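Breakdown of the fold
Residue-level listing of the chains:
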Amino acid sequence: MAVKKTTLSMTVQVQAKRQEADGVAGFTLVDPHGRALPTFTAGSHIDVQPEPGVLRQYSLCNQPGSTDSYQIAVLREPQSRGGSQAMHEAVDEGDLIQISAPRNHFELAPDAKRSLLLAGGIGITPILAMARQLHRDGAEFELHYSARSQAAMAFHDWLTSGPLSAQVQCYFDDQGSRLPIDQLVAQPHDGTHLYVCGPGGYIDFVMDRFRTAGWPEAQLHTEFFTAADIDTSNDGSFELVLARSGESYRIPADQTVAEVLLDNDVDLLTSCEQGICGTCITRVLEGIPEHRDRYMTEAEHAANDCFTPCCSRAKTERLVIDL
Ligand code: FES
């Protein structure tokens, strides 16, 4: 049987587990022998294995550059595929768990003159690390944070009474307070970079408004936590050819490329398995992929020279990839 290749490379201990808000558990992870952890930058995430066979990505939300601990916060998702449920129920203080080294696909732009940070719900986690970094650097920024209610808003008290409070605005659905999107998109955008994280609908709404208002794409940055809703009812099969080995496989309608490759012992590094982390990106040499990820940009999709085999398929009958 094929052994799945994973990114897990470290064992850490759960030093503390606490309730950050309704349905949100916070975890402090440390090296079990007290050694320094690899450093990280704002926007980084780690892969976490809460139990065997389950791998999830969580953003680091403590002060970027910290090497004494990693902090993550996990929303218990009603539609959980098992990851958030396992984090809430199976992982406790003192436990040892496997994680990857931090990776960053949601970096702060080094040339930004000003940063606009927008978070919806648990999307606060990478945004919080960004706010800490910008505050420490003395950079100009605003953080706008929306949640269902104050009780459901992780880090509310610290954000509104701590050192960042002058830059933070909170909005609660149950109180009818709303993100002032019209004002935000109307601001001058020269040198301002936007960072958005939260539920897919929130990100789509915000990005659509900024794009429509003419903000340059290079100044808009997002990170999705969930896969896109895709209608798979018309999926068909196609031929996949591995250019280096010459092997070819039929990808049936009900399997992903990654699943077929793994079944055939082909090395492929995967992590989220739903098109949001970018770990599995592979070069396409012939054919046109049907992109289903939320990781690559529109321009990268249009180039059609890479795809995510964990979820994307082919528009052409044959796809030749660089494996
Ligand atoms: Fe995350 Fe494919 S494994 S995008």
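Right, let's walk through the structure included here. A quick note: this is a predicted structure, and the numbers were derived from the prediction, not measured. (Residues numbered from 1 in each chain as written. Predicted model: local features only at pLDDT ≥ 70, side-chain atom pairs only at ≥ 80, totals over all residues. Heavy atoms only, no water.)

1. Some words on the overall build of the protein
Counting its secondary structure elements, the protein contains seven helices and 19 strands. For the protein, the C-alpha radius of gyration of 20 Å lies close to 20 Å, the compact-globule estimate for 323 residues. Along the first, second and third principal axes, the C-alpha set of the protein runs to 60 × 50 × 35 Å. Each of the 323 residues in the protein was classed as buried or not, and the buried ones make up 51%. Across the protein, the fraction of contacts at a sequence separation of at least 24, relative to all contacts at a separation of at least 6, is 68%. Per element, the accessible surface of the protein, about 14,900 Å² overall, is 47% carbon and sulfur. The averaged location of the 44 negative side-chain charges in the protein is 1 Å from the averaged location of its 25 positive side-chain charges. (Helix = DSSP H or I, 4+ residues; strand = E, 2+ residues; numbered from the N terminus. Rg over C-alpha atoms; globule rule 2.2 N^0.38 Å. Buried < 20%, exposed > 50% of the residue type's maximum accessible area, 1.4 Å probe, protein only. Contact = heavy atoms within 4.5 Å. Areas by Shrake-Rupley, 256 points an atom, 1.4 Å probe, with all protein chains shown as cover. Lys, Arg positive; Asp, Glu negative; His and termini not counted. Charge placed at Lys NZ, Arg CZ, Asp CG, Glu CD.)

2. Focus: the packing of aromatic side chains
One pass over the full model with this rule turns up three aromatic pairs. Centre to centre, the rings of Phe40 and Tyr70 are 5.8 Å apart; their planes meet at 85°, and the pair counts as edge-to-face. A residue pair is termed long-range when its members are at least 10 positions apart, and Phe40 in the loop between strand E2 (24-30) and strand E3 (44-51) and Tyr70 in strand E5 (residues 70-75) qualify at 30 residues. Take Phe40: its relative accessible area is 4%, and that puts it in the buried class. Taking relative accessible area as the criterion, Tyr70 reaches 0% and is therefore assigned buried. Taken together, a centroid distance of 4.8 Å and an interplanar angle of 80° make the contact between Phe210 and Trp215 edge-to-face. The class for Trp215 is buried, based on a relative accessible area of 3%. (Phe/Tyr/Trp six-rings, centres within 6.5 Å; stacked < 30°, edge-to-face > 60°.)

3. Observations concerning the environment of Phe155
Mapped onto the fold, Phe155 is located in the loop between strand E9 (140-147) and helix H3 (156-161). Taking the C-alpha atoms as reference, Phe155 lies 12 Å from Ala129; in sequence the two are 26 residues apart. Not counting chain neighbours up to four residues away, the residues in contact with Phe155 comprise Glu20, Cys61, Ala73, Ile124, Thr125 and Leu128.

4. Thoughts on the pattern of salt bridges
The final tally for this structure, using the stated rule, is 19 salt bridges. Ionic pairing is found between Glu89 and Arg76, a salt bridge with its closest N-O pair at 2.3 Å. Of this pair, Glu89 sits in helix H1 (residues 83-89) while Arg76 sits in the loop between E5 and H1; the two residues are 13 residues apart in sequence, bridging distant segments of the chain. Arg76 gets classed as partly exposed once you look at its relative accessible area, which sits at 36%. Connected through shared salt-bridge partners, Asp235, Glu290, Arg292 and Arg313 make up one network. (Salt bridge = Lys/Arg side-chain N within 4 Å of Asp/Glu carboxyl O.)

5. Re the nonpolar core
Among the nonpolar cores identified, the biggest contains 31 residues, and Leu117, Ile124, Ile127, Leu143, Tyr145, Phe155 and Leu159 are the most heavily contacted of them. Residue assignment for this core shows that the elements contributing at least two residues are strand E8 (114-120), helix H2 (124-137), E9, strand E10 (168-172) and strand E11 (192-198). No other element matches the seven residues that H2 contributes to this core. Filtering out sequence-adjacent residues up to four positions away, Leu117 remains in contact with Ile127, Met130, Ala131, Leu134, Phe141, Glu142, Leu143, His144 and Tyr195. (Core = buried A, V, L, I, M, F, W, Y, C linked by side-chain atoms within 4.5 Å.)

6. Overview of the sheet that holds strand E14 (residues 248-251)
The mixed open sheet is built from five strands, whose spatial order is E14-E13-E19-E15-E17. Across the chains shown, the open sheet's two edge strands, defined by having one partner strand only, are E14 and strand E17 (306-307). The sheet contact formed by strand E13 (residues 238-242) and E14 spans four bridges and is antiparallel. Looking across to E14, one finds that Val241 is bridged to Ser248. (Pairing = 2+ DSSP bridges.)

7. A closer look at the sheet that holds strand E12 (residues 220-224)
One open sheet holds the five strands; their spatial order is E10-E9-E8-E11-E12, and the pairing between them is parallel. Looking at strand neighbours, the two that pair on one side only are E10 and E12, the edges of this open sheet. The sheet shows a mean angle of 15° between the axes of neighbouring strands, direction not considered. Relative to E12, E11 runs parallel, the two being bridged by five bridges. Bridge assignment links Leu194 to a residue of E12, and that residue is Leu220. Where helix H5 (residues 200-212) meets the sheet, its contacts fall on E8, E9, E11 and E12, and the angle it forms with E11 comes to roughly 160°. (Axes fitted to C-alpha atoms, helices over the stretch in contact; angles between N-to-C directions.)

8. A closer look at the pairing of strand E15 (residues 282-286)
Sheet topology places E15 next to E17; two bridges connect them, and they run antiparallel. Of the residues in E17, the one forming a bridge with Thr282 is Phe307. One ladder, built from two bridges, connects E15 with strand E19 (residues 318-321); its direction is antiparallel. Residue pairing in the sheet places Val284 in a bridge with Ile321 of E19.

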